[in-house]
Every structure is written in structure tokens, then in C-alpha cells.
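# What the coordinates show
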Amino acid sequence: MTGLPDRYASPLHLPFNRTCLDEQFVMKGPGVDPGGPGFGVLLQNNRLLVDETSQGFVLPSGEWGDGKALYLGEWQGRPCRLLDLAQEGPLPEGLQALSLLQEEPQLPIDLLSLGGLGRMLLHWQERSRFCGVCGRPMIWLVEAWGRGCDSCQSQVYPAIHPCAIVLVTRPGEVLLTRKANWAPGRYSLVAGFQELGEALEETAVREVREETGVHIDNVRYLGSQCWPFPSQVMVGYVADYVGGELNIDRQELDDARWFPVDCLPALPPRRSIARYILDTVLGLP
């Protein structure tokens, strides 16, 4: 049974975006921990540890201030701390670990998104321990999510990597692609990382051309989704086909095809911006 809705009112309401946390979560810097008990965002790789109650899944409560936990802010008015657990270690008694990457997640959207935020911060923490200028150890800034170097005074902040994802259309058809490691028969949209000096619309044009040989125009923005595996923001577009025959980059794709809009293959799960774009543009049920 999934903990997510069947439809989303807008891209802002997709999992891993901040809207679903607004009424419960106040993010604060790691240096302003007030101490005392609170909630724990306990992550074991891409799994969030939760307690199951009669009201559903909730974050565990307890003392997490052992020096390894990072203060995230307030969850439901109480301190909330992030802790990275050993991947193969035993689970604390009474808790269960649920994947953040399930196609039909059991977690409710707020915990799924909070767990994704924690996963993103842990990834950046591991890669920002030393100063990129002088090589000295970095320390946490007090009130902001960043790190500073006492030696050369450099400061760094969490890195976010923009990607364009685009649905290409022509009358009665859409261009869909698949990668070899996806579920059998599943197709999705062309996507790729922004390069230096590009607008994201230019990224969309280039990625479609490089991966499929197809030329596009009239690139229109539809919405975006934070994707914390490990640190992307997926920026979604729809575009018109203007020319070119399919010429698949086999190093990137397993297949690419034009599909009639009334005969589509297996599509991405609804928790993704890719599916939101398809549902919105094609009016899928």
C-alpha cells in the first residue's frame, strides 16, 4: 500500500519538494541545536527508520545528541536531528526501515521528503569535510547550512546539480526512451545534466539531439522536482519535434521510440516529475 496520493495538484506537491513539509518543518542551521530530546531522521543508506503507530508511520523520538547527529531544525515544534546509521548494523528495537526509492512508497509524502532532504545533506557532508582551497578541515557554520575554513576563511554551501528532463511531442505521438537498468518494458523522458554556459532550455535541446538524433524547438517549462539521489533538481519541459530521424546513443540509452499517445508503454511511477509531465501534457487518467 502506497503512502502517496494518486495525483498531484502541481509540481510543488511532488515528493521531495518542500511544500509538503511547510506546516510541520522549520529548517535551521546545525549550529543552533537547543539540546534535549526530539525527533530523529535516522537514515540507513536510502532507508528511513520509522515507528509504526495506530495513526501510521512517524519519526522516532529520543535523545540523538551524541555528537554524530546533525540538528536539522524543528519537526512538529520539537528538535529534529539527522543521523547516518551503519548500512549493515542492527535496527533500533521497535523501528523498521522503509526505502526512500520505492516506486510505490509506503512512507507518507512528508516523511519521504524529509528523509530525502536528510539523504541530500549527508551526501554533501561527506564531500565537504576538507577545504577545496587549502585542504584544511571544514567546520559547520552556525546559523546556515554551510561550512567554513578557519585557515583561509573560505565558505561552501550544499551543491545542487540541475538537470533538464523533456517530453518531445509531434502530432499523435511522443518520444520516449529507456535505459537498460530500468524495469522491463518501462520508458521515460530524455534527461541530462546542465553543462557550463547553458540555459536549461539549451540543455534540453542538446540532450535530445545527442541521445536520440532528434531536433526540437518551442521548449516550455512545466515544473521541477528536487531529486536527492544524490543532489539533483529535475527541471521539466515539453517541446515540439522539428526534424531528424532516430539515431540512438547506445552508450546512454537502451532504446528510444515514437509511441502513439493512445498506445503507451509502461511509464515512470507517479512520484516522479517525468510522470507528472506525461500526465499533464497527455491528460492521462
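Everything that follows concerns the structure shown earlier in this document.
Residues numbered from 1 in each chain as written. Predicted model: local features only at pLDDT ≥ 70, side-chain atom pairs only at ≥ 80, totals over all residues. Heavy atoms only, no water.

### Some thoughts on the overall build of the chain
Helix and strand counts for the chain stand at three helices and 17 strands. At 21 Å, the chain has a C-alpha radius of gyration in line with the 19 Å of a compact globule built from 285 residues. For the chain, the spread of C-alpha atoms along the three principal axes comes to 60 × 55 × 35 Å. Once local pairs closer than 6 in sequence are excluded, the contacts in the chain between residues at least 24 apart make up 66%. Positive and negative side-chain charges in the chain, numbering 24 and 35 respectively, have mean positions lying 2 Å apart. (Helix = DSSP H or I, 4+ residues; strand = E, 2+ residues; numbered from the N terminus. Rg over C-alpha atoms; globule rule 2.2 N^0.38 Å. Contact = heavy atoms within 4.5 Å. Lys, Arg positive; Asp, Glu negative; His and termini not counted. Charge placed at Lys NZ, Arg CZ, Asp CG, Glu CD.)

### So, the sheet that holds strand 10 (residues 147-148)
Judged by pairing direction, the sheet is antiparallel, and its three strands sit side by side in the order 9-10-11 without closing on themselves. In this open sheet, the two strands that pair with only one neighbour each are strand 9 (139-140) and strand 11 (155-156). (Pairing = 2+ DSSP bridges.)

### What about unusual backbone geometry?
Residues apart from glycine generally show negative phi values, whereas peptide bonds are mostly found in trans. With an omega dihedral of 10°, the bond running from F229 to P230 counts as a cis peptide bond. As for its position among the elements, P230 is in the loop between strand 15 (215-227) and strand 16 (232-243). The phi dihedral of Q153 is positive, around 70°, even though this residue is not glycine. By the secondary structure assignment, Q153 is in the loop between strand 10 and strand 11.

### Overview of the pattern of salt bridges
Considering all chains together, one arrives at 16 salt bridges under this definition. A salt bridge links R220 to D240, with the shortest nitrogen-to-oxygen separation between them at 2.9 Å. With R220 in strand 15 and D240 in strand 16, this residue pair connects regions lying 20 residues apart in the sequence. Via salt bridges that share partners, E195, E198, R206, E207 and E210 belong to a single interconnected network. (Salt bridge = Lys/Arg side-chain N within 4 Å of Asp/Glu carboxyl O.)

### Some remarks on the side chain of R271
Within the fold, R271 resides in the loop between strand 17 (255-260) and helix 3 (273-282). Of the buried charged residues, R271 lacks a salt bridge, with E103 as the closest side chain of opposite charge at 5.6 Å. Residues contacting R271, with those up to four places away along its chain left out, are L4, Y8, L14, P15, L101, Q102, E103, P105, Q225 and W227. (Buried < 20%, exposed > 50% of the residue type's maximum accessible area, 1.4 Å probe, protein only.)

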